[in-house]
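Residue-level structure breakdown
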Amino acid sequence: HGQRTRRLRVECAAHFLKSHPQAKLILSGGGRSTIATEAEQMRSVAKSLGIENETYCELDSMDTVANALFTKFLLLGKGYNLAEAKIVIITSRFHTMRALAYFKEIFPQNSSIAALGITTLKSSVEKVLAHELVSQYEATKSLGIFDQDIKLTDQEMMLKLFMHHDFYKNRYDLLRKFLGSIVT
């Protein structure tokens, strides 16, 4: 995701938050930048747009599965009742189906999850669609996230990320950080 895409997502969130002034804003994304995480970059955009809603940043995720899982851990750590939370995911339009599927899988007790999608630049469509297919395949293969016969617990999901996902292998810091949040 480029800086322009992150800005468009936050602009969409700002528009949504105008009609939902009590809503909390959760910015999710670690990214690979050594300067600032994706969430921190989006927080700067939110401040520049004058967003005053209570804002949390999830700084560790490197992909969509972890965006959902680590956001869940953040909300649990803040004491939120996940069954009553209303969640709106703001992402790129091409990405809404996968993001929504992951959030619904990781927040199974919550039926109030929706997704808003911003427009994808035409020059990027071919590249991002290929990325979506590869990402979906990898998540399905290594995590079994859509296997209807097996329902993963949060602990199992975290361990599968740790053992099978290149972004999270040997990330003992994340295991230590989230073990207290994991509900089995």
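To start, this report covers the structure provided alongside it. (Residues numbered from 1 in each chain as written. Predicted model: local features only at pLDDT ≥ 70, side-chain atom pairs only at ≥ 80, totals over all residues. Heavy atoms only, no water.)

Some points on the overall build of the protein chain
- For the protein chain, the helix and strand inventory stands at seven helices and four strands.
- Ordered by position from N to C terminus, the α and β elements of the protein chain give α-β-α-β-α-β-α-β-α-α-α.
- Burial statistics for the protein chain: of 184 residues in total, 43% are counted as buried.
- Counting only contacts in the protein chain whose residues sit at least 6 apart along the sequence, the fraction spanning at least 24 positions is 69%.
- Counting only carbon and sulfur atoms, one obtains 54% of the accessible surface of the protein chain, whose full area is about 10,600 Å². (Helix = DSSP H or I, 4+ residues; strand = E, 2+ residues; numbered from the N terminus. Buried < 20%, exposed > 50% of the residue type's maximum accessible area, 1.4 Å probe, protein only. Contact = heavy atoms within 4.5 Å. Areas by Shrake-Rupley, 256 points an atom, 1.4 Å probe, with all protein chains shown as cover.)

Quick word on the packing of helix α3 (residues 64-77) against helix α4 (residues 96-106)
- Across the interface, α3 lies against α4 with an axial gap of 9 Å and an inter-helix angle of 40 degrees. For the element pair α3 / α4, the angle class is oblique. The way α3 lies across α4 gives a crossing that is right-handed. Of α4, the residues touching α3 (which contributes Thr64, Val65, Asn67, Ala68, Leu69, Thr71 and Lys72) are Arg98, Ala99, Tyr102, Phe103 and Ile106.
- Residue composition of the contact of α3 with α4, grouped by class: seven nonpolar, three polar and two charged. (Axes fitted to C-alpha atoms, helices over the stretch in contact; angles between N-to-C directions. Parallel < 35°, antiparallel > 145°, perpendicular 65-115°, else oblique. Left-handed = near helix turned anticlockwise from the far one by under 90°. Nonpolar A, V, L, I, M, F, W, Y, C, P; charged D, E, K, R; others polar.)

Thoughts on the nonpolar core
- Val65, Leu69, Phe70, Phe107, Met158 and Leu161 are the most contacted members of the largest nonpolar core, which totals 30 residues.
- Among the elements that make up this core, the one with the highest residue count is α3 (eight residues).
- Val10, Leu17, Leu27 and Cys57 belong to the second-largest nonpolar core, a separate cluster that totals twelve residues. (Core = buried A, V, L, I, M, F, W, Y, C linked by side-chain atoms within 4.5 Å.)

Some details on the pattern of salt bridges
- Counting across every chain of the model gives five salt bridges.
- For the salt bridge of glutamate 11 with arginine 7, the shortest nitrogen-to-oxygen distance reads 3.1 Å. On the criterion of helical spacing, the pair formed by glutamate 11 and arginine 7 is a turn pair, its members being four residues apart in helix α1 (residues 3-18).
- Put simply, lysine 24 and glutamate 54 hold a salt bridge, and the shortest N to O gap is 3.8 Å. (Salt bridge = Lys/Arg side-chain N within 4 Å of Asp/Glu carboxyl O.)

A short note on α3
- Here α3 spans 20 Å end to end across 14 residues, near enough to the 20 Å set by a 1.5 Å rise per residue.
- Within α3, twelve of the 14 residues are buried, which leaves the element mostly enclosed by the surrounding structure.
- Residues of α3 that are buried include every one of Thr64, Val65, Ala66, Asn67, Ala68, Leu69, Phe70, Thr71, Lys72, Phe73, Leu74 and Leu75, and no others.
- The first or second residue beyond α3 is glycine 79, which carries a positive phi of 85 degrees. (Expected span 1.5 Å × (residues − 1).)

Description of the packing of α1 against helix α2 (residues 38-48)
- It is the contact of α1 with α2, at a shortest axis distance of 9 Å, that shows an interaxial angle of 50 degrees. Put simply, α1 runs oblique to α2. For the pair α1 and α2, the crossing hand works out as right-handed. Contacts between α1 and α2 involve Arg6, Arg7 and Val10 on the former and, on the latter, Glu38, Gln41, Met42, Val45, Ala46 and Ser48.

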